Amino acid sequence: MSDQKGLVPASHDSEGFEHDYNSGLAVVTADKIPDPGLEPHRVRMTDKSVKHENRAARQVFYWFMASAVGSVGSIVAYFAFPISSDLGTVHNNTFFMGLGIALGLFGIGFGAVHWAKTLMPDAEVAEPRHQTRGAEDVRARAVEIVSLANSESGFSRRKLIRRSLYGALAMFPLPALVLFKDMTTDPNPQGTLRHTMWTAGTRLALDPTGTPIKAADLTIGSVFHVIPEGLMPDGAHKDDYLEQKAKAAVLLVRVDPAQINSQKELDWGYNGIVAYSKICTHVGCPVALYEQHTHHLLCPCHQSTFDLANDCAVIFGPATRPLPQLQITVDAEGYLVAKGDFSEPVGPSFWERTAK
Amino acid sequence: MSNATSTAQKGGFLAGTANYLDERVGVGGILKEFGRKIFPDHWSFMLGEVALYSFLVLLLSGTFLTFFFQPAMTNVIYDGVYGPLKGAEMSIAYKSALDISFEVRGGLLMRELHHWAALLFVAAAGLHMMRVFFTGAFRKPREINWVVGFALFVLAMAGGFTGYSLPDDLLSGNGLRIIDGMIKGLPVIGAYVSSMLFGGEFPGHQIVARLYGLHILLIPAFILIFIVIHLFMVVIHKHTHYSGPGRRDDNVVGYPLMPVYVAKAGGFFFLVFGVLMLVAATVTINPIWLYGGYDPSPVSAGTQPDWYIGWADGALRLAPSHLEVTTGNYTWSWNILLPMIVLILLLVLVAAYPFFEAWVTGDKREHHVLDRPRNAPTRTAIGAAGMTFYAVLWAGASTDLIATHFALSLNHVLTTMQISLIVLPIIAFFITKRVCLSLQRKDREIVLHGRETGRIVRLPHGEYLEIHEPLDEYEMYKLVDFIDHKPDVARPNAQGKITLGARARAALSRFFFEDRVSPVSASELASAHPELDAVEHVETKALV
Amino acid sequence: MASLNRKSMFSRRRPFAAALVIAAGLLVTGGGYAAATTAVKAQQDPTVASQSQIDLGHKLFLANCASCHGKNAEGTKNAPTLIGVGAASVDFQVSSGRMPAQASGPQIQAKAAVFNDKEIAAMAAYVASLAPGPAIPTDAMVANNGDLTRGGQLFRTNCAMCHNAAGAGGALTQGKYAPALTDTGAKEMYEAMLTGPQNMPVFNDANLSPKDKKDIITYLVYLQQHPSVGGLSLDNLGPVAEGLFVWVAVLGGIIAITVWLGAKSN
C-alpha cells in the first residue's frame, strides 16, 4: 500500500477500537464539534398516564381479537363461498377468503407493533460494538493452527500429492459435461433449424382452422395467418406440432403489385400475393402486426419494423435481416401452394446460419 | 443440577420448557448472547425485512401451488369451467394452472399471492440495495455482504423468470421464445445451448419441467443459503445506524431484540403478509386464462416480462438496427450480444462498487455510522446515474404502452429512449451532485447561523433583520457528524516511480472529492457565535 | 361438449361458408375499386334502401363529406374514394364518430357520433348506391351466440397481436394504434373486420367467414361482460401495469407502514 504513504493514520472514530486502521483520504480534524451523547428520553403519554396505558392495552387487545375474527371469517368464507362452474363464485371465494386471512394477519401485525410502540420501553440504549477483526492472541492462535495443520499433513512439503489432488479436483466435474449433453437428443441442432415443413406443392392453409386458401380469396389489404396444410395438433405432426409451427408460420398478404418495389418479391409471390415468414429475425416473436396502407409489419415484442413493399427489409428496431420470403404459386385447382422450403433459415440468427 | 431442575419445576410450564431446551440445545447461552442484542430503528432498515418476508410468503404460497401444478407439456383437451377455453388443446401445465385458478378453493388467491409476493420480493430487494448504496452501508466490513446481497438480487430475478415461464400460456411462451432467440444469438454455441435447454427444437416438451426443477428446488435453495449467510453477517457486524448524537462506530444504538424487536419485526412480518394477502384478494395479476395456451403463431400486443426482467427486454428493444454482421460463414448477432454485454457490465459494476470506492478512498477503517446521501455527493451522483440508466432500460420495455397512453409515436419514444440512455445518466449525475453540495452548504448555513424563523424585526436605527433560531446541540451534531475526504496527489512508490495505478487513483480521488463541503468545525462555530448572539440580543430587545 | 367444440374448431370450413363465398363473388359486379380487388365481397344488404333515403344521404354527403371525399365520392388527395366501400364502412366510420374527421394526425380517432341513426343510415344508403360494397351486418350476424372457444382462438391468431389478448389495445408504428375493444359494440367489430378501417387489414369472408366473425364477437362480448375473477383488472395491460402497481401501491403502502413502525409513539 505504498500509494497511501503519507496519509494521516487513525481517527477519532476508532477511539474505542483496539486496532488502528489507515483512514485513507478521510480528513481527521482535532477540531470536531463534540458529540453531546444520546438525546434525553422523551416520556410517552402511556408512561405518564394510566388512562392512556389502559387504552393502548385495550387497543392491542382489539387488534388481536380482530385477527381471530378475520381468521375464523376466512374459514367461514371457505364454506360460504364454494366455487362452481359460475366464475363469479371464484371471485367471491378469492375475495372473501383473502379479506379474512388479510384481517387475521393485519390484526396480529398491528397489535404486536402497537404493543411494542406504546407499552414496551422506548428508551434507546447503546451497546458496545467491537471490531470484526479478532484480537491479536486469537489471530496468532489461528495462524498457529493453520501452520500446524500444514506441517502435520505435509500439504506444502509433499508437492507431488498436492498437485495430483489439484489435477483430480479439476477433472472430477468433467463427467457432468457429457451427462448434460443428453439434454438434447438432436445430434445436429443447427441443421434442424434450416428446414421447415414447407415443400413444393404444400398448400397454404388458414391458421388455426387448416382450411386451404385460394388465390381468389385474397383481397387487397387483407392479411391471412397461414400454416402448411396438414399441420394440425392431431394430424401427422401430432408429436412436433408446436415445433413445426414455430418455424413454418407464415403471413400472407395481397398488395397492389404496383406498390411492390422489388422484382424478386413479385416473382416469388403470385399476382401481388406474397408470403413471408412470421417469425422475427431478431429473437423470434411472431411479427404479425400488418398496417394495410403503409405496408409495414411490426413486431410487438421489440418493435422491429419490416417494409412489406420492399422485400420486408428492416426499417426500424433491433432486427437486421429481412423476413425470409416463401415462394408461392397456385396449383391446378387455384389453391396457393409453396414452391419449396424457405431459401434460408427462418427466425432468429444463429452462429452457423450462413454456413453451407 | 437437581436443584436447578426443581427450581424450574417450581416455575411452572414455561420454566420447565426453558430448562428442557437449555439442557438439550443450550438455549440459555443463545438467549444470553442474543436476547438483548440491540437493533437500531429506522424505517429504511425494514426494506430488507420486506424482501425476507416476501420470500417466506413465496415459500408458503409456492408450496401450496406445487400440490396442484403439473409441469408437463403433454397435450390435453380442456374440459374445465372456464367457458372460453372449453375444448381447446393445451398443455397439462397450462390446464393445471387454470384448474388451480378456477377449481381449487383459494387456489386463485394463492396464485395471485405468489405472483404479487414475487414482484414485491424483487422490488423490496432492489430498494434495500439502493438504501445500502446511498447510505454507504457497503463500506468495510460489509463489502462481502454487499456481494451476497447482490447475488440474492440476481437469484430473485432468476426465480421470478423461471416462475413466469411455468404456466405455459401465450405470454410466458413468447417470453421463452425471446430467451430462445437470445441464446441462439450466442457465438459458436448458441444453437446447441438452445437445443439442450429445450430438449430439441423450440418449444419442445421439456422446458416447463426443467424450469420447474430450477424454480422449486435449486433457486430457492440457493436463495435460502444466501439469506442465511446474509443474516449471519448482519449478526457478526451488528446493524449500522444513522449518524446522530451518541451514535458512533464503536457502539450500536437502538432497542433490544427481546421484547421490542421481536414484537416490531415479528408484527411486521404479519403486516407485509397482510398487505400481500389484501392485494391478492382484490387485484388481478397475470390472468393466464386470457392468453390461451402457448402457440408459436399468435402473440398479444403488450407482450412484456415481469417488471424485474423489464430492463433486459428494454435493452433488447433499444439496440440500434442492423447491428448483426456476418463474417464468412458465421453470424455475430450484435443486436443481441451488445444488450447482453451492457446488462452484464451493469451488474458487474454494481457488484464491484464497494471495492472500487474503498480503493479510491484508501480508507481501511470499519464504518458503522451511515452517511447521509448528501454527505457523499459523488457516490450519490454515481448511484443516481446508475439508477437512471437502469430506469431508461426499464422504461424501454414499455415503449408501446408509453406510446399509446401518452398519444406519442412508438418510433419517437424508442428513439428518445436510445438518446436518453446515454444522456440522462450524465444529466442525473451532475444535477444530483450539485443538489447534494447545495444541501451540504445549507446544512453549514443552518449550523453556523441557526434556522430561519420568518420573523422580521426592525432595529431602532431602522435596519431589518430576520431572526435565526440556534439549533440545540443534538440537532447540530446530526448536521456536522460526517466524514470529509480530500483529493490526493499521485505519490511515488518505494522505487521512486509514480505508477499508473497511483495516477488513476489520484485522478479518481479528484473526481470524487474535488468539490467538497467540510463539516463545520468547533472553531468555525465559535467564531460564528457572536453573530448569533447579536441576533439573540436583538430578539430580546425587540421583544422588550 | 369438449369433443364437439374441438370438432368445430378444427374441421374444415363448413359448406355453408363456401356457398356464401361463391354467392358473394357472384354479387360483385363492378366499381373501379372493387374490380381492382378480387371477387370476394360481402353479400348486399337485403333491405333495399328507398330513393328518398338515398337522396337524404346525398344531401348530407354533399354538406359534410364532399369537401374531402369529392362531390361524387371519387376521392381527393385528402381522402380516399368512397365508391365501393359499402354501407358497412360508412356505418362504422360515422357511428363511431371517426367521420367526419376533425384534425389530421397519425390516426383518426373515435369520438361521439355527430349524426343520428337515421342520418347515418341515409349516408350509408347513398354510398352503397354508388357501387356495391360490404353491407351493414344484421343483428343475427353479430349476436353473441357463436362458438366461444373457437372465437377466442381466432381472436388470438388474427387480432390479439394489435388489439392485445384481452382487447386492451396496443401501439402501431408512428403514432398509430389499435384501439381497445373493451367498449366496442358488436356491429362495430363486425364492420371493422369486414372493411379494414384505416390501417387495419381487411378480413374478408374467405379469411374469416361470417361464422368466424360471429365467434370472435361472441368471445369479445364475453370478455366485456365478465369482469376479471381475480379482482381489479388494472385494464388488463399486463406485466407493466402490475409492476407499476407493485412499486407504487404495494411498496408505497408497506413503506408507509415502516414509517409508522419506526416513528416514536406520543
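None of the values given here were measured: they were computed from a predicted structure.

(A) Focus on the overall build of chain B. The helix and strand inventory of chain B stands at 19 helices and ten strands. Dimensions of chain B, computed from C-alpha atoms along their principal axes, come out at roughly 95 × 80 × 65 Å. Looking at chain B residue by residue over its 544 residues, the buried ones come to 58%. Restricting to contacts in chain B with at least 6 residues of sequence separation, those with at least 24 account for 74%.

(B) Just the sheet that holds strand S3 (residues 223-228) of chain A, in detail. Residues and elements named next belong to chain A. Across the sheet, which stays open at both edges, the five strands sit in the order S2-S3-S4-S5-S10 with antiparallel pairing between neighbours. Both outer strands of the open sheet, strand S2 (204-206) and strand S10 (325-326), are each paired with one neighbouring strand and no more. Two strands pair when backbone bridges link them, and S2 and S3 are joined in this way by three bridges, in the antiparallel orientation. Paired with Leu204 across the strands is Pro228, a residue of S3.

(C) Structural detail: the sheet that holds strand S8 (residues 305-307) of chain A. All names here are of chain A. Reading across from one edge, S6-S7-S8-S9 is the order of the four strands in this open sheet, with antiparallel pairing throughout. For this open sheet the edge positions go to strand S6 (289-291) and strand S9 (313-316), each flanked by a neighbour on one side alone. The sheet shows a mean angle of 30 degrees between the axes of neighbouring strands, direction not considered. Bridge analysis of S8 against S9 gives three bridges, and the strand direction is antiparallel. Residue Phe306 lies in a different strand from S9, and its bridge partner there is Val314.

(D) Structural view of the interface of chain A and chain B. Across the boundary between the two partners, chain A contributes 116 residues, which contact 141 residues of chain B. Surface buried jointly by chain A and chain B totals about 10,900 Å² across both partners, of which 61% is contributed by carbon and sulfur atoms. Sorting the residues of chain A by area buried against chain B places Leu25, Arg129 and Trp351 of chain A first, and these three jointly supply 10% of that buried surface. Inspection of the region where chain A meets chain B yields five salt bridges. The salt bridge partner of Lys247 of chain A is Glu201 of chain B, with a shortest N-O separation of 2.7 Å. Scanning the region where chain A abuts chain B turns up 49 residue pairs in polar contact (both at pLDDT 80 or more).

(E) Highlighting the state of the cysteines. If you walk through the whole model with that rule in mind, you get one disulfide over all chains. We note that Cys299 of chain A lacks a disulfide partner, and the nearest cysteine sulfur, in Cys280 of chain A, lies 4.1 Å from it. A relative accessible area of 2% places Cys299 of chain A in the buried class. Free cysteine: Cys159 of chain C, not disulfide-bonded; nearest cysteine sulfur from Cys162 of chain C at 8.7 Å. The buried category is assigned to Cys159 of chain C, whose relative accessible area is 11%.

(F) Highlighting unusual backbone geometry. Residues and elements named next belong to chain B. Between Lys140 and Pro141 the backbone carries a cis peptide bond, its omega angle lying at 10 degrees. Examined against the element boundaries, Pro141 turns out to sit in the loop between helix H6 (107-134) and helix H7 (143-164). In this structure, Pro259 follows Met258 across a cis peptide bond, with omega equal to 5 degrees. Positionally, Pro259 belongs in helix H11 (residues 257-282). With phi around 60 degrees, Asp168 is a residue other than glycine that occupies positive phi space. Relative to the elements of secondary structure, Asp168 occurs in the loop between H7 and helix H8 (170-184). Relative accessible area serves as the criterion here: at 8%, Asp168 is assigned to the buried category. Positive phi outside glycine occurs at Lys238, with the angle close to 65 degrees. Considering the arrangement of structural elements, one finds Lys238 in the loop between helix H10 (207-237) and strand S4 (241-242).

(G) The arrangement of the packing of helix H5 (residues 92-103) of chain B against H6 of chain B in detail. Residues and elements named next belong to chain B. At a minimum axis separation of 5 Å, H5 and H6 run at an interaxial angle of 115 degrees. Classified by the angle their axes make, H5 and H6 are roughly perpendicular. Judged by residue contacts, Ala97, Ile100 and Ser101 of H5 engage Gly107, Leu108 and Arg111 from H6. Across the contact of H5 with H6, the residue classes break down as three nonpolar, two polar and one charged.

(H) Up close: the pairing of strand S5 (residues 273-277) of chain A. All names here are of chain A. Most of S5 is tucked away: five of the five residues are buried. Where strand S4 (residues 250-254) and S5 come together, five bridges link them in antiparallel fashion. The partner of Leu252 across the bridge, within S5, is Ala275. Inspection of the sheet shows S5 paired to S10 by two bridges, in the antiparallel sense. In the strand pairing of S10, Ala275 is matched with Leu326.

(I) Molecular detail of the nonpolar core. Judged by nonpolar contacts, the single largest core of 196 residues is most densely connected at Tyr82, Phe102, Trp116 and Phe268 of chain B. Tallying contributions element by element places H6 of chain B first for this core, with 19 residues. Each residue touching Tyr82 of chain B, except ones within four places of it in the same chain, is listed here: Leu87 of chain A, Phe102, Trp289 and Leu290 of chain B together with Tyr222 and Leu223 of chain C. Core analysis: the second largest hydrophobic core is formed by 24 residues, Val226, Leu231, Leu326 and Val346 of chain A among them.

(J) Structural view of helix H12 (residues 307-318) of chain B. All names here are of chain B. With twelve residues, H12 extends 17 Å from end C-alpha to end C-alpha; this agrees with the ideal 16 Å at 1.5 Å per step. For H12, the tally of buried residues reaches twelve of twelve residues, placing the bulk of the element in the interior. Taken as a whole, H12 has its buried residues at Trp307, Tyr308, Ile309, Gly310, Trp311, Ala312, Asp313, Gly314, Ala315, Leu316, Arg317 and Leu318.

(K) The confidence of the model for chain A, seen in detail. Mean pLDDT over chain A: 91, with 96% of residues reaching 70 or higher. This model gives residues 1-14 of chain A a pLDDT under 50, and the stretch forms 31 contacts once residues within four places in sequence are excluded.

(L) Looking closely at H8 of chain B. The end-to-end C-alpha distance of H8 of chain B, which contains 15 residues, comes to 21 Å, matching closely the 21 Å that a straight helix rising 1.5 Å per residue would cover. Burial analysis of H8 of chain B places 14 of its 15 residues in the buried class, which makes it a mostly covered element.

(M) Layout of the environment of Ala504 of chain B. Residues and elements named next belong to chain B. Residue placement: Ala504 occurs in helix H18 (residues 500-513). Residue classification places Ala504 among the partly exposed residues on the basis of a relative accessible area of 32%. Residues Ala504 and Val489, spaced 15 residues apart in sequence, show a C-alpha to C-alpha distance of 10.0 Å.

(N) Focus on the interface of chain B and chain C. On the chain C side, the residues contacting the 67 residues of chain B number 54 residues. A buried area of about 4,800 Å², summed over both sides, lies between chain B and chain C, and 71% of it is on carbon and sulfur atoms. At the boundary of chain B with chain C, the tally comes to zero salt bridges. If you look at where chain B meets chain C, you find 15 residue pairs in polar contact (both at pLDDT 80 or more). Those elements giving two or more residues to the side of chain B that touches chain C turn out to be helix H4 (47-66), H6, H8, H11, helix H15 (399-405) and helix H16 (410-449) of chain B. A per-class count over the side of chain B that touches chain C returns 45 nonpolar, 15 polar and seven charged.

(O) Quick look at the packing of helix H2 (residues 13-25) of chain B against helix H3 (residues 27-34) of chain B. All names here are of chain B. It is the contact of H2 with H3, at a shortest axis distance of 6 Å, that shows an interaxial angle of 95 degrees. In this view, H2 runs roughly perpendicular relative to H3, as classed from their interaxial angle. Contacts between H2 and H3 pair Ala18, Leu21, Asp22 and Val25 from the former with Val27, Gly28, Gly29 and Ile30 from the latter. By residue class, the composition of the contact of H2 with H3 is five nonpolar, two polar and one charged.

Parameters and conventions
- Residues numbered from 1 in each chain as written.
- Chains lettered and ligands numbered in written order.
- Predicted model: local features only at pLDDT ≥ 70, side-chain atom pairs only at ≥ 80, totals over all residues.
- Heavy atoms only, no water.
- Helix = DSSP H or I, 4+ residues; strand = E, 2+ residues; numbered from the N terminus.
- Buried < 20%, exposed > 50% of the residue type's maximum accessible area, 1.4 Å probe, protein only.
- Contact = heavy atoms within 4.5 Å.
- Pairing = 2+ DSSP bridges.
- Axes fitted to C-alpha atoms, helices over the stretch in contact; angles between N-to-C directions.
- Buried area = accessible area lost by both parts, 1.4 Å probe.
- Salt bridge = Lys/Arg side-chain N within 4 Å of Asp/Glu carboxyl O.
- Polar contact = N/O pair within 3.5 Å; in protein donor to acceptor, adjacent residues only side chain to side chain.
- Disulfide = S-S within 2.5 Å.
- Parallel < 35°, antiparallel > 145°, perpendicular 65-115°, else oblique.
- Nonpolar A, V, L, I, M, F, W, Y, C, P; charged D, E, K, R; others polar.
- Core = buried A, V, L, I, M, F, W, Y, C linked by side-chain atoms within 4.5 Å.
- Expected span 1.5 Å × (residues − 1).
- pLDDT = per-residue confidence, 0-100.

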